[in-house]
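# Fold and contact review
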Amino acid sequence: SLHWLLVLATAASFAYAVHLHGTDQGWNYYSPLSRFWEIGLGGLLGIWLVHKETPTRLAWARWPAGVVGVALIIGTGFFLDGADQFPGPWTLVPLAGATLVILAGNPVADGRGAEGVSALLDTAPFQTLGRISYSLYLWHWPLLALATFHFSDVLGNRSTGVQGITATLGTKKGLAIGAAVILISLVLAWATEKYIETPLRQTRKPARAW
């Protein structure tokens, strides 16, 4: 079935990504063949986990699962360098976090509602961030690259262990410009979702001839 075809393609892509991680990380980062497993695993998690009922006896685990999941996702941005480590095996860290968040948000057999992290993620601000997340992904990188290039005088020294925009602009200027990039990206992402994505989105399946 298509389900098992997706399983095989995802596993093959992951194996290829692990291989390239040790041989050619530059190509690994950009290759669609090594990147596919991230999307494939996301699809499989949707098939296997989303809206699956949690047994009442395991309901207590939803709260800690959500906390650990969010910690893994946030920690990825602080402790892992995507350019050097993704889509290799370290990519499993944020994906494990996403898995735990999904499990934490699933309904309980006794009808219990969302709690803990799931209840927090169900609030309006986080729902808005979820809706604009793709536009935010598209906007933030060119803005960050252009701002870094425009405001930099000399290239920073990455041997200090400081990564990102602060490595080039210094801590004070880097944090200020980085915060401005985030705010501008949020505004542009919101406008893109509202005035481009939503109007163009299909509201119903169109009729198609053979």
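Since we're looking at a predicted model, the values are computed, not measured. Think of each chain on its own: its residues are numbered from 1, step by step along the sequence as written. Reporting of local features is limited, given that this is a predicted model, to residues whose pLDDT is at least 70; pairs of side-chain atoms are given and counted only at 80 or more, and all residues count toward the totals for whole chains, interfaces and linings. Side-chain metrics in this entry use all non-hydrogen atoms of the structure; hydrogen atoms and water are not considered.

### With respect to the overall build of the protein
Selection rule: In this text, helices come from DSSP runs of H or I with a minimum length of four residues, and strands from runs of E with a minimum of two, each type numbered from the N-terminal end. Throughout, a contact is declared for two residues whenever any of their heavy atoms are within 4.5 Å. Shrake-Rupley sampling with a 1.4 Å probe provides the accessible areas, and residues are treated as covered by the protein chains on show and by no other component. We treat Lys and Arg as the positive residues and Asp and Glu as the negative residues; His and chain ends play no part in the count. Charge placement uses NZ in Lys and CZ in Arg. For Asp and Glu, CG and CD serve respectively.
Counting secondary structure elements, the protein contains 11 helices and 0 strands. Written out in order from the N terminus, the α and β elements of the protein read α-α-α-α-α-α-α-α-α-α-α. Look at the contacts in the protein between residues 6 or more apart in sequence, and 69% of them connect residues 24 or more apart. For the protein, the computed accessible surface area is about 14,100 Å², with 71% contributed by carbon and sulfur atoms. A gap of 8 Å separates the mean positions of the 14 positive and 11 negative side-chain charges of the protein.

### Points about helix α11 (residues 171-200)
Rules: By this rule, a helix spans an expected 1.5 Å times one less than how many residues it contains. Consider a residue and the seven residues that end there alongside the seven that start there; fitting an axis to each set, the bend is the angle between those axes.
Under the 1.5 Å per step criterion, the end-to-end length of α11 is 41 Å for 30 residues, consistent within 8% with the ideal 44 Å. E193 marks where α11 bends most, by close to 35°. Those residues of α11 hidden inside the fold are in contact with α8 (124-131), α9 (133-151) and α10 (165-169).

### Describing the environment of L6
On the secondary structure map, L6 appears in helix α1 (residues 2-23). On a C-alpha basis, the gap between L6 and G40 in space is 6.6 Å, while along the polypeptide they are 34 residues apart. The residues contacting L6, other than those within four sequence positions of it, are F36, G40, L44 and I47.

### Quick look at the pattern of salt bridges
Here is the rule: Every case where a carboxyl oxygen of Asp or Glu lies within 4 Å of a side-chain nitrogen of Lys or Arg is listed as a salt bridge. Per-residue accessibility, obtained with a 1.4 Å probe over protein chains only, is compared with the maximum for each type, and a residue is labelled buried under 20%, exposed over 50%, and partly exposed between these values.
In total, this model carries 4 salt bridges according to the counting rule given. A salt bridge links E115 to R62, with the nearest nitrogen and oxygen atoms 3.7 Å apart. Placement of the pair is E115 in the loop between α6 (92-105) and α7 (117-121) and R62 in helix α4 (residues 62-79), with a sequence separation of 53 residues. Classification of R62 by relative accessible area gives buried; the value is 4%.

### Comments concerning the environment of G26
With respect to the helices, strands and loops of the structure, G26 is situated in helix α2 (residues 25-30). A relative accessible area of 47% means that G26 is categorised as partly exposed. Separated by 65 residues in sequence, G26 and T91 place their C-alpha atoms 15 Å apart.

### Quick notes on the packing of α9 against α11
Here is the rule we go by: Fitted lines through C-alpha atoms give the axes, limited to the stretch in contact for helices. The angle between two N-to-C directions lies from 0 to 180 degrees. Handedness of a crossing follows from how the near helix is turned relative to the far one, being left-handed for an anticlockwise turn of less than a right angle and right-handed for a clockwise one. Here the nonpolar group is Ala, Val, Leu, Ile, Met, Phe, Trp, Tyr, Cys and Pro; Asp, Glu, Lys and Arg are the charged ones; every other residue, Gly included, is treated as polar.
For the pair α9 and α11, the least separation of the axes is 8 Å and the interaxial angle reads 145°. Remark: the crossing between α9 and α11 carries right-handed chirality. Residue-level inspection shows S135, L136, W139, H140, L143, L144, A147 and F151 of α9 in contact with α11, the latter providing K173, I177, V181, I184, S185, L186, L188, A189, T192, E193 and E197. Its residues assigned to classes, the contact of α9 with α11 shows 12 nonpolar, 4 polar and 3 charged.

### Regarding the packing of helix α3 (residues 32-48) against α6
Pairs of packed helices are described in terms of their axes, by the angle between the two and the distance that separates them. Put simply, the rule reads: For classification, angles of less than 35 degrees are called roughly parallel, those exceeding 145 degrees roughly antiparallel, those between 65 and 115 degrees roughly perpendicular, and all remaining angles oblique.
Put simply, α3 and α6 touch, their axes get as near as 11 Å, and they point 15° apart. By the criterion of interaxial angle, the relationship of α3 to α6 is roughly parallel. Considering how the two elements wind past one another, α3 and α6 form a crossing that is right-handed. Residues W37, L41 and L45 of α3 pack against L92, L95, T99 and I102 of α6. The residue makeup of the contact of α3 with α6, split by class, is 6 nonpolar, 1 polar and no charged.

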